[in-house]
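Residue strings, one per chain:
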Amino acid sequence: MKNLFNKFNGRVFKIIIFPLLFLTLTFCITISKIDQPSNATIGEKIKINLQVDVKPSESNEYNVILGVLVPENWEIETNTLATYTSDNGSGTFSLTPDATLALQMTDLVGIGKNYGRVKWVAFVSDGKIKGTNNVNFSGQIHLEMTVGNENVKTQLGYIVATSGWGISDKNIDVKFTDCMEVSGGTNSLSDLCGPIPFPVTFKPSQFTLDDVIKITFDANKGPTDLLGAEKVYICGTVIADGIQKDVCVANSSNILNNIGPNIWEISIWGKQFFNLPMGANITFMSFNFRNEVGDIIVKNRDTLEDFQITPSCKF
Amino acid sequence: MKKIITTMCFMLFIGLIGCDDEPSLNPEGFTEFKTDISGIWKISNVTQNGIDITNSLDFKSFALNLDYNGTTPSNFSLASKSPFVTKISEGSWSFDDPIYPTIIIFSDGSSAKLLKPILSSGEKSLNLEIVLGCGNMVYQYKLIK
């Protein structure tokens, strides 16, 4: 027997025993049904019901963790009433003081079809729910929350988990619903379910790198790191006559003009902006946007590189 | 009858007066001057396809000095980090027609179209149309001395 035990060295344990143990101990909790309105009016209090089924793999009692994915400007942290009823007891949820839970949710399951501007909000049941090994039970989670005050199309999402197993793969369940629309506001519809709005536009519509180009940067779109920035600067890279040159130091020549809420613009002529000879042959130009200190930088979300200015002239 | 004869004599008299002299022509003909726009020109206004961009870029450093050799365009110098059609800072320049110019030609081969005819040698403004890059992107410069 001792010899047999010795055969279970560390490597065998890692390869065979540990995964089996993991499978056995996986806590199975699933959202089997969601009742949620498909549209709402700004400021409306909506009701949502989640059907939750639990298959305990141990006899224990845990708090239930509830995650709700909503647009960033919905203040559900303060306007939500969350309760549950189940075969094993009923109770209420409270906003968790543990800020890491919401971050773990984002990292683990993402934000659905939304291109951004949404947040996971984590609630935890005030009481614990008992479970008995291999004795399944069901429950209902009832949510009443007030939607935001802006027109938006967004995909809501829900996570259920337990305090004992935390936000970890296979021990939670996540469901995203069909995109719902909130209307009645004064703003143009912000379609978070649509393609990522590109934050940078160039004018005129056709140009070469020798033309004067107006660059408009809308910090409301795409990566929103510079939302609310007091000053925005452009940091540029050029390749002219085969030589690369960068202009990044924040000063009056590369500061953008604020033309609206979080909307900035600057007109550049490459040879002037990069202080190149008049006869320089520019073959490449790209930019990113940054705050005055330079510790917040917005680049092209699609490429993770600077925004490249691609000539569009057809004549 | 007497009145009719008197009237006819009066008309004949008038007619003889009108045909008294042959019309005289200016013996020297019309004098055509050679256009002179010499001097240092600064930017007053710039548009890009009709949109005013004067305040969108720094045009303050722009100074185009057009020289003449007698009455003939000769050298130019350009002090500028602002967009302009010629890519050289000095060279020679000329008109496409010294008397009825419509285009200024710089020695690097670039050219600027004159938007308004130059009617005298004392012009205080010069309106040029140029292309910097894209062919359908027209820049109009109003230069002043």
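See the structure printed just above.
As the structure is a computational prediction, the values presented were derived from the model and not from experiment.

Novice: In this structure, what is going on with the overall build of chain B? I would like to understand it.
Specialist: Of the regular secondary structure elements, chain B holds one helix and nine strands. Each of the 145 residues in chain B was classed as buried or not, and the buried ones make up 32%. In chain B, the proportion of contacts linking residues at least 24 apart, taken out of those at least 6 apart, comes to 40%. Counting only carbon and sulfur atoms, one obtains 58% of the accessible surface of chain B, whose full area is about 9100 Å².

Novice: Would you take a moment to explain the interface of chain A and chain B for this structure?
Specialist: Interface size is commonly expressed as the accessible area that is lost once the parts come together. Taken together, the contacts link 20 residues of chain A with 20 residues of chain B. Taking both partners together, chain A and chain B bury about 1600 Å²; carbon and sulfur atoms supply 57% of that area. Sorting the residues of chain A by area buried against chain B places Val212(A), Gln272(A) and Met278(A) first, and these three jointly supply 38% of that buried surface. Remark: the boundary between chain A and chain B carries zero salt bridges. Linking chain A with chain B are eight residue pairs in polar contact (both at pLDDT 80 or more), by the criterion used here. When residues of the side of chain A that touches chain B are traced back to their parent elements, those giving at least two are strand S19 (263–269) and helix H5 (270–273) of chain A. Among the elements that line the side of chain A that touches chain B, the one with the most residues is S19(A), at three residues.

Novice: Sorry, what's going on with helix H4 (residues 99–109) of chain A here?
Specialist: Helical geometry note: an α-helix holds 3.6 residues per turn, so side chains three or four residues apart project in the same direction. Residue and element names in this part refer to chain A. Buried residues of H4: Leu101, Ala102 and Met105, and no others. One side of H4 holds all its buried residues, which, seen down the axis, span an arc of 95 degrees. When the buried face of H4 is taken as reference, the exposed residues oriented beyond 90 degrees from it are Ala99, Leu103 and Asp107. Gly110 sits one or two positions beyond H4 and adopts a positive phi of about 80 degrees.

Novice: What's the story with the sheet that holds strand S14 (residues 200–203) of chain A in this structure? I'm lost.
Specialist: The strands making up a sheet associate through hydrogen bonds between their backbones, and the pairing can be parallel or antiparallel. All names here are of chain A. The strand order across the open sheet formed by four strands is S14-S15-S19-S18, and the pairing between neighbours is antiparallel. With one partner strand each, in any of the chains shown, S14 and strand S18 (257–260) form the two edges of the open sheet. Geometrically, the sheet is characterised by an average inter-axis angle of 30 degrees between neighbouring strands, direction not taken into account. Direction of pairing for S18 relative to S19: antiparallel, over a ladder of three bridges. Bridge pairing in S19 places Gly260 opposite Ile263.

Novice: Explanation requested: empty space enclosed by the protein in the structure shown.
Specialist: If you roll a probe as big as a water molecule over the atoms, it shows you where there is empty space left. Residues and elements named next belong to chain A. Summed over all chains, the structure comprises one cavity of 30 Å³ or more. By volume, the largest cavity is sized at about 230 Å³. Along the wall of the largest cavity there are 25 residues; nearest its centre are Ile29, Val54, Val64, Ile129 and Phe137. Within the lining of the largest cavity, the residues separate by chemical class into 12 nonpolar, 10 polar and three charged.

Novice: How should the state of the cysteines be read in this particular structure?
Specialist: Cysteine pairs can be covalently joined through their sulfur atoms, and such a bond is termed a disulfide. Applying the stated rule across the entire model yields three disulfides over all chains. Across the disulfide, Cys179(A) is cross-linked to Cys193(A) (sulfur-sulfur distance 2.1 Å). Between Cys179(A) and Cys193(A) the sulfur-sulfur dihedral comes to about -110 degrees; the bridge is accordingly left-handed. Of this pair, Cys179(A) sits in the loop between strand S11 (173–176) and strand S12 (180–183) while Cys193(A) sits in the loop between strand S13 (190–191) and S14, and the two are 14 residues apart along the sequence. With its sulfur 2.1 Å from that of its partner, Cys313(A) forms a disulfide with Cys134(B). Between Cys313(A) and Cys134(B), the S-S dihedral sits near 85 degrees, and the bridge is therefore right-handed. Of this pair, Cys313(A) sits in the segment after strand S22 (307–308) while Cys134(B) sits in the loop between strand S8 (125–131) and strand S9 (138–144), which puts the two residues in different chains. Note on Cys313(A): relative accessible area 24%, which makes it partly exposed. For Cys134(B), a relative accessible area of 0% puts it in the buried group.

Conventions used here
Residues numbered from 1 in each chain as written. Chains lettered and ligands numbered in written order. Predicted model: local features only at pLDDT ≥ 70, side-chain atom pairs only at ≥ 80, totals over all residues. Heavy atoms only, no water. Helix = DSSP H or I, 4+ residues; strand = E, 2+ residues; numbered from the N terminus. Buried < 20%, exposed > 50% of the residue type's maximum accessible area, 1.4 Å probe, protein only. Contact = heavy atoms within 4.5 Å. Areas by Shrake-Rupley, 256 points an atom, 1.4 Å probe, with all protein chains shown as cover. Buried area = accessible area lost by both parts, 1.4 Å probe. Salt bridge = Lys/Arg side-chain N within 4 Å of Asp/Glu carboxyl O. Polar contact = N/O pair within 3.5 Å; in protein donor to acceptor, adjacent residues only side chain to side chain. Arc of directions from axis to C-beta. Pairing = 2+ DSSP bridges. Axes fitted to C-alpha atoms, helices over the stretch in contact; angles between N-to-C directions. 1 Å grid on protein atoms, 1.4 Å probe; cavity = no way out; pocket = protein on both sides within 12 Å on 5 of 7 lines; lining within 4 Å. Points joined across faces, edges and corners; volume = space filled by probe spheres on them. Nonpolar A, V, L, I, M, F, W, Y, C, P; charged D, E, K, R; others polar. Disulfide = S-S within 2.5 Å.

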